[in-house]
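# Residue-level structural notes
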Amino acid sequence: MSSSAPQETGRQRLWSVDEHLADVLAAIRPLEPIELQLLDAQGCVLVEDVTVPVALPPFDNSSMDGYAVRVADVQGASEEFPAVLTVIGDVAAGSGELPTVGPGQSARIMTGAPLPPGAEAVVPVEWTDGGTGGGAASGMTPASTAPEGAAGEVRVHRAAEARAHVRARGSDVQAGDLALAAGTVLGPPQIALLAAIGRGTVRVRPRPRVVVLSTGSELVQPGEPLAAGTIYDSNSFALAAAARDAGAIAYRVGAVSDDADTLRATIEDQLIRADLLVTTGGVSVGAYDVVKEALTSVGGSGGASGSGGSGGSGEEDVQGGGVDFRKLAMQPGKPQGFGSIGPDHTPLLALPGNPVSSYVSFELFVRPAIRALMGLPDVNRPSVRAELKADKALGSPAGRRQFLRGKYDAGSGTVSPVGGSGSHLIAALAHADSLMVVPEDVTSVEPGAELEVILLG
């Protein structure tokens with residue numbers, strides 16, 4: 001959707017969702033690359049092209065447990081007239097010196113073992129008597145308990161074509177091929193490939209370290225008893241989990257009371273391990289909204305470094321020590337804060353305290369910031385167009401971009417509302433898998449109308 005023009009509400013500028021996001025992303029710089037061990041690099045973004053140093057597999061090898069044979073020796077073989085071959089030894093995975101298979105000979109071979117010289121194909125053990133002199137075998141006698149199984153004779157009941165059950169050298173990747181391109185996110189399959197081609201370390205942008213702090217004297221940690229007027233702290237758990245889901249290393253700090261000095265000290269203590277700080281609560285206009293108060297003197301220098309950080313001044317924005325507090329033309333999540341603090345200009349996003357407002361704000365602004373720190377070009381959740389499936393029209397405030405929880409049905413291309421629009425309705429959020437977006441200039445959405453839907457799963 002296109003950006004809404006900045007609006008004036010009294011003496012304070014009203015930012016659009018797009019303006020605020022652009023301001024955040026303009027201030028974010030990808031983290032510097034580092035060399036990491038493979039498992040430590042999981043979830044990180046590769047910053048270099050990785051080429052294959054050696055072919056994979058590096059040698060012709062068997063895809064079956066069976067016998068390495070010459071094609072001519074098993075031609076026309078059947079159960080009635082089996083080919084009888086001399087077994088000259090075992091070839092196990094990891095074998096170094098290999099026997100040479102000559103006319104009328106075979107070698108027992110295990111899956112992954114190199115194809116010995118002279119052999120042209122592999123017949124599975126089920127096509128043979130397994131060297132027992134009986135009928136079709138179902139498996140091989142373990143070499144450790146019956147080493148004589150590696151010698152004697154084997155009866156082969158079926159013919160084999162050349163290269164049957166042989167995995168050719170370089171059939172996966174050839175030396176010099178591009179294994180992984182810069183920009184690849186390293187998941188388990190990518191790490192497996194890196195290990196398979198012999199890479200012990202890789203150069204990546206590290207996963208961002210995100211510190212999440214919730215504020216409010218009313219907050220109690222889950223598992224502790226509730227006193228009168230208190231509630232459980234859910235925001236810090238939700239946002240820490242969301243940060244992990246976005247690819248970050250998340251550190252959750254227990255709820256900080258409504259005391260500016262305590263919050264200020266906590267934030268300063270956390271700077272040493274933060275690439276990004278996220279607070280929730282204390283950004284509105286109440287007498288106990290201490291995030292604004294605390295951030296007026298945390299060691300920051302300068303405002304937000306993005307396009308909008310210098311866009312407001314004086315009475316338009318309530319500025320702290322490098323953090324701008326704003327009102328956005330959106331619902332939920334109108335009050336927001338953004339800037340940088342501390343000697344390293346650590347980015348900080350201050351989110352509202354209502355649970356749904358906090359989570360929606362994370363999805364719209366914090367998740368993209370995390371993805372930008374990782375160096376990913378596509379920082380936003382995927383979105384689709386879907387038809388509203390509802391019993392009645394959905395109302396939306398004029399001049400506000402509304403984000404409603406929804407359940408998306410990809411099969412029918414429809415989306416249904418989940419719960420109401422209240423910013424405290426956590427249960428509805430837990431059952432939603434998407435956000436329905438109602439544009440600023442729309443005040444009513446009729447059933448059957450088409451909406452933008454942000455997919456959360």
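Since the structure is predicted, the reported quantities are computational estimates derived from the model, not experimental observations.

### What to know about the overall build of the protein
Across its full length, the protein holds 8 helices and 31 strands. A buried classification covers 47% of the 457 residues belonging to the protein. Residue pairs at least 24 apart in sequence account for 71% of intrachain contacts in the protein once pairs closer than 6 positions are excluded. Of the roughly 20200 Å² that the protein leaves accessible, carbon and sulfur atoms contribute 51%.

### Considering the confidence of the model for the protein
Averaged over the protein, the pLDDT score is 87; the fraction of residues at 70 or greater is 87%. Confidence over residues 1-5 falls short of pLDDT 50; this stretch has 12 contacts with residues more than four positions distant or in other chains. Here residues 299-321 is modelled with pLDDT under 50, and outside its nearest four sequence neighbours on either side it reaches 62 contacts, counting other chains as well.

### Here we look at the nonpolar core
Within the largest apolar cluster, 44 residues are counted, with the highest numbers of intra-cluster contacts made by Leu 276, Leu 349 and Ile 370. Top contributing element to this core by residue count: helix α7 (residues 355-373), with 11 residues. If sequence neighbours within four positions are ignored, Leu 349 has contacts with Val 24, Leu 276, Leu 277, Val 278, Thr 279, Gly 337, Phe 338, Phe 365, Val 366 and Ala 369. Among the nonpolar cores identified, the runner-up in size contains 20 residues, and Ala 294, Leu 295, Leu 348 and Ala 350 belong to it.

### With respect to the pattern of salt bridges
On inspection of all chains with the given rule, the structure shows 16 salt bridges. Here Arg 326 ties to Asp 23 by a salt bridge, and the two come within 2.3 Å at their closest N and O atoms. Here Asp 23 lies in helix α1 (residues 17-27) and Arg 326 lies in strand β21 (residues 323-328), a separation of 303 residues in the sequence. Taken as a pair, Arg 326 and Asp 23 share a single burial class, namely buried. Each of Asp 18, Arg 401 and Glu 440 takes part in one network of salt bridges that share partners.

### Some details on unusual backbone geometry
It is generally the case that most residues other than glycine have a negative phi and that most peptide bonds are trans. In this model, Leu 56 is joined to Pro 57 through a cis peptide bond whose omega is -5 degrees. With respect to the secondary-structure elements, Pro 57 resides in the loop between β5 (50-51) and β6 (61-62). Cis geometry marks the peptide bond from Gln 331 to Pro 332; its omega dihedral reads -5 degrees. For Pro 332, the location among the structural elements is in the loop between β22 (330-331) and β23 (335-341). Although it is not a glycine, Arg 163 adopts a positive phi angle of roughly 70 degrees. Residue position: Arg 163 is located in the loop between β11 (153-156) and β12 (166-167). Given a relative accessible area of 39%, Arg 163 falls into the partly exposed group. With phi around 55 degrees, His 165 is a residue other than glycine that occupies positive phi space.

### As for the sheet that holds strand β8 (residues 83-91)
Each strand in a sheet pairs with another by means of backbone hydrogen bonds, the pair being arranged parallel or else antiparallel. In space, the 5 strands of this open sheet follow the order β10-β7-β9-β8-β11, with mixed pairing throughout. Either end of the sheet is taken by a strand with one partner, and the two such strands are β10 (121-124) and β11. Geometrically, the sheet is characterised by an average inter-axis angle of 40 degrees between neighbouring strands, direction not taken into account. In the sheet, β8 pairs with strand β9 (residues 105-109) via 4 bridges, with the strands oriented parallel. What sits directly across from Thr 86, in β9, is Gln 105.

### Notes on the pairing of strand β29 (residues 434-438)
Of all the 5 residues making up β29, 5 are buried; the element is thus mostly covered by neighbouring parts of the structure. With burial as the criterion, each face of β29 is covered, one bearing Ser 434, Met 436 and Val 438 and the other bearing Leu 435 and Val 437. Pairing of strand β27 (residues 401-409) with β29 involves 5 bridges; the strand directions are antiparallel. Looking at β29, one finds that Gln 402 is bridged to Val 438. By the bridge criterion, 4 bridges tie β29 to strand β31 (residues 450-455) in an arrangement that is antiparallel. Considered in β31, the bridge of Leu 435 is made with Ile 454.

### Observations concerning the environment of Pro 335
For Pro 335, the location among the structural elements is in strand β23. In this structure Pro 335 comes out as buried when scored by relative accessible area, which is 18%. Separated by 54 residues in sequence, Pro 335 and Gly 281 have C-alpha atoms that sit 9.7 Å apart.

About the criteria used
Residues numbered from 1 in each chain as written. Predicted model: local features only at pLDDT ≥ 70, side-chain atom pairs only at ≥ 80, totals over all residues. Heavy atoms only, no water. Helix = DSSP H or I, 4+ residues; strand = E, 2+ residues; numbered from the N terminus. Buried < 20%, exposed > 50% of the residue type's maximum accessible area, 1.4 Å probe, protein only. Contact = heavy atoms within 4.5 Å. Areas by Shrake-Rupley, 256 points an atom, 1.4 Å probe, with all protein chains shown as cover. pLDDT = per-residue confidence, 0-100. Core = buried A, V, L, I, M, F, W, Y, C linked by side-chain atoms within 4.5 Å. Salt bridge = Lys/Arg side-chain N within 4 Å of Asp/Glu carboxyl O. Pairing = 2+ DSSP bridges. Axes fitted to C-alpha atoms, helices over the stretch in contact; angles between N-to-C directions.

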